[in-house]
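What follows is the residue order along each chain.
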Amino acid sequence: MGTPRETRDDQAAEVIDRLEAEYPDSTISLRYSNRLELLIAVILSAQCTDERVNAETEHLFETYQSPEDYANAPQEELAEALNSINFYNNKAGYIREACALIVEEHDGEVPDTMDELTELPGVGRKTANVVLQHGHDVVEGIVVDTHVQRLTRRLGITEEERPEAIEQDLLDIVPEGYWVQFTHLLIDHGRATCTARNPDCESCVLADICPSEKGDSDVDLASGEPW
Ligand code: SF4
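Each value, and the rule that gives it
- Residues numbered from 1 in each chain as written.
- Predicted model: local features only at pLDDT ≥ 70, side-chain atom pairs only at ≥ 80, totals over all residues.
- Heavy atoms only, no water.
- 1 Å grid on protein atoms, 1.4 Å probe; cavity = no way out; pocket = protein on both sides within 12 Å on 5 of 7 lines; lining within 4 Å.
- Points joined across faces, edges and corners; volume = space filled by probe spheres on them.
- Helix = DSSP H or I, 4+ residues; strand = E, 2+ residues; numbered from the N terminus.
- Nonpolar A, V, L, I, M, F, W, Y, C, P; charged D, E, K, R; others polar.
- Domains from an automatic or database assignment.
- Buried area = accessible area lost by both parts, 1.4 Å probe.
- Salt bridge = Lys/Arg side-chain N within 4 Å of Asp/Glu carboxyl O.
- Axes fitted to C-alpha atoms, helices over the stretch in contact; angles between N-to-C directions.
- Parallel < 35°, antiparallel > 145°, perpendicular 65-115°, else oblique.
- Contact = heavy atoms within 4.5 Å.
- UniProt positions renumbered as here; feature names shortened; annotations may be inferred.
- Core = buried A, V, L, I, M, F, W, Y, C linked by side-chain atoms within 4.5 Å.
- Buried < 20%, exposed > 50% of the residue type's maximum accessible area, 1.4 Å probe, protein only.
- Near = heavy atom within 4 Å.
- Sits in = over half its atoms within 2 Å of the grid points.

Description of the layout of surface pockets
Quantified by volume, the largest pocket comes out at close to 880 Å³. In this structure, the largest pocket is lined by 34 residues; those nearest its centre are Ser 45, Ala 46, Gln 47, Lys 126 and Asp 145. Of all the secondary-structure elements, those providing two or more residues to the lining of the largest pocket are α2 (35-44), α3 (50-63), α6 (88-105), α8 (125-135), α9 (146-154) and α11 (179-192). If you tally residues by element for the lining of the largest pocket, the top one is α8, at 6 residues. Its residues assigned to classes, the lining of the largest pocket shows 11 nonpolar, 15 polar and 8 charged. Mapped onto the domain boundaries, the lining of the largest pocket takes at least three residues apiece from domain 1 (8-26 + 143-226) and domain 2 (35-136).

Here it is in structure tokens:
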């Protein structure tokens, strides 16, 4: 078991420092070229890998380009175009309804406030945060996806369990200038080393400060279960 820094603020700062050195080019991995494409890609990425979403949107974004295109597409046709994505039928429905609202209430533009975004079907706080940060350069919060949820708990940065509660906790701990980058760094580390089922603690740059480190700790603090 590693020994975490004395306070959670110091622990977060140390994690950021080390992961910045490890992943200097860390950034969003979804591909998009405008706000609408970003919104669609993020809706599709729920419980699906960014890699799979990118493979699917490559042709999707050629076929559908405006919110009207999505809103007017028949449900079956859009679902068919998304059929390699988890929950494609539901997501096709969300995208059609969200785009209809964007046309009817927002003059065809993807909204730029948390309240308006989370009123769109299929858009929760996590999706809205990504669209605000990367589509509008508005940083209101921290994106907590499954990697951020797992790693912040493993590293002893939070004891909260739900993504919304973890985000509120992190907003007091992570320096505001890192609210965007914190997510990308943890996602990169979660993919490369601290994977859900078999984290590679032996080669982890955080091992000496991680209270879940497998060599010494019996417990994965993310789940609270024994390794
Ligand atoms: S890989 Fe192991 S040591 Fe590194 S952060 Fe994850 S649980 Fe901790």
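Here the narrative resumes, following the displayed structure.
A closer look at the domain arrangement of the chain
When the domains of the chain are assigned, the result is domain 1 (8-26 + 143-226) and domain 2 (35-136). A C-alpha centroid distance of 28 Å is found between domain 1 and domain 2. Taken together, the two surfaces of domain 1 and domain 2 that pack against each other cover about 650 Å², and 52% of this comes from carbon and sulfur. Considering only the side of domain 1, the residues that lose the most area to domain 2 are Val 143, Glu 167 and Val 180, jointly responsible for 59% of the buried surface there. Of the charged contacts in the structure, one is a salt bridge between Asp 50 and Arg 191, with a shortest N-O distance of 3.0 Å. By residue number, the principal contributor to the side of domain 1 that touches domain 2 is α11, which donates 4 residues. Residue composition of the side of domain 1 that touches domain 2, grouped by class: 4 nonpolar, 2 polar and 3 charged.

Let's talk about the packing of α9 against α11
One way to put it is that α9 packs onto α11 with a least axis distance of 8 Å and a crossing angle of 85°. When the axes of α9 and α11 are compared, the pair comes out roughly perpendicular. Taken together, the residues of α11 that come into contact with α9 (itself represented by His 147, Val 148, Arg 150, Leu 151 and Thr 152) are Phe 182, Thr 183, Leu 186, Ile 187, His 189, Gly 190 and Arg 191. Here the residues of the contact of α9 with α11 sort into 5 nonpolar, 5 polar and 2 charged.

Describing the UniProt feature "domain: HhH-GPD" (unreviewed entry) in the chain
UniProt tags residues 44-192 as "domain: HhH-GPD" (unreviewed entry). Across residues 44-192 one finds 64% helix and 0% strand; the C-alpha atoms that close the span lie 22 Å apart.

Some thoughts on the nonpolar core
A general trend in soluble globular proteins is that nonpolar side chains are found buried together. Ranked by internal contacts, the top residues of the largest apolar core, which has 38 residues, are Ile 40, Leu 60, Tyr 70, Leu 78 and Ile 95. Only α2, α3, α4 (67-72), α5 (75-81), α6, α7 (114-118) and α8 provide two or more residues apiece to this core. Examining the composition of this core, we find that 8 residues originate from one element, α2, more than from any other. Apart from residues lying up to four places away in sequence, Tyr 70 is in contact with Leu 36, Ile 40, Leu 60, Phe 61, Tyr 64, Leu 78, Ile 95, Arg 96 and Cys 99. Counting 26 residues, the second largest nonpolar core, distinct from the first, contains Val 15, Val 148, Phe 182 and Leu 185.

Some words on the UniProt feature "binding site: [4Fe-4S] cluster" (unreviewed entry) in the chain
Look at the UniProt record and you will see "binding site: [4Fe-4S] cluster" (unreviewed entry) annotated at Cys 194, Cys 201, Cys 204 and Cys 210. On the basis of their most widely separated C-alpha atoms, the annotated residues across 17 residues gather in one place, lying no more than 11.0 Å apart. Within the annotated group just given, the residues that line the largest cavity are Cys 194, Cys 201, Cys 204 and Cys 210. Following the sequence through the fold, Cys 194 ends up in the loop between α11 and β1 (219-220). Of note, Cys 210 is situated in the loop between α11 and β1. On the basis of relative accessible area, Cys 210 is assigned to the buried category, the value being 10%.

Considerations on the site of the ligand
Every residue lining the ligand is accounted for by Arg 154, Leu 155, Cys 194, Pro 199, Cys 201, Cys 204, Ala 207, Cys 210 and Glu 213. One can see that the ligand is located within the largest cavity. Split by residue class, the shell around the ligand holds 7 nonpolar, no polar and 2 charged.

Notes on unusual backbone geometry
If you check the backbone angles, Phe 87 has positive phi at about 55° while not being a glycine. Tracing the backbone shows Phe 87 in the loop between α5 and α6. Of note in the backbone geometry, Asp 137 takes a positive phi value of approximately 55° without being a glycine. Structurally, Asp 137 can be placed in the loop between α8 and α9. By relative accessible area, Asp 137 is classed as exposed at 70%.

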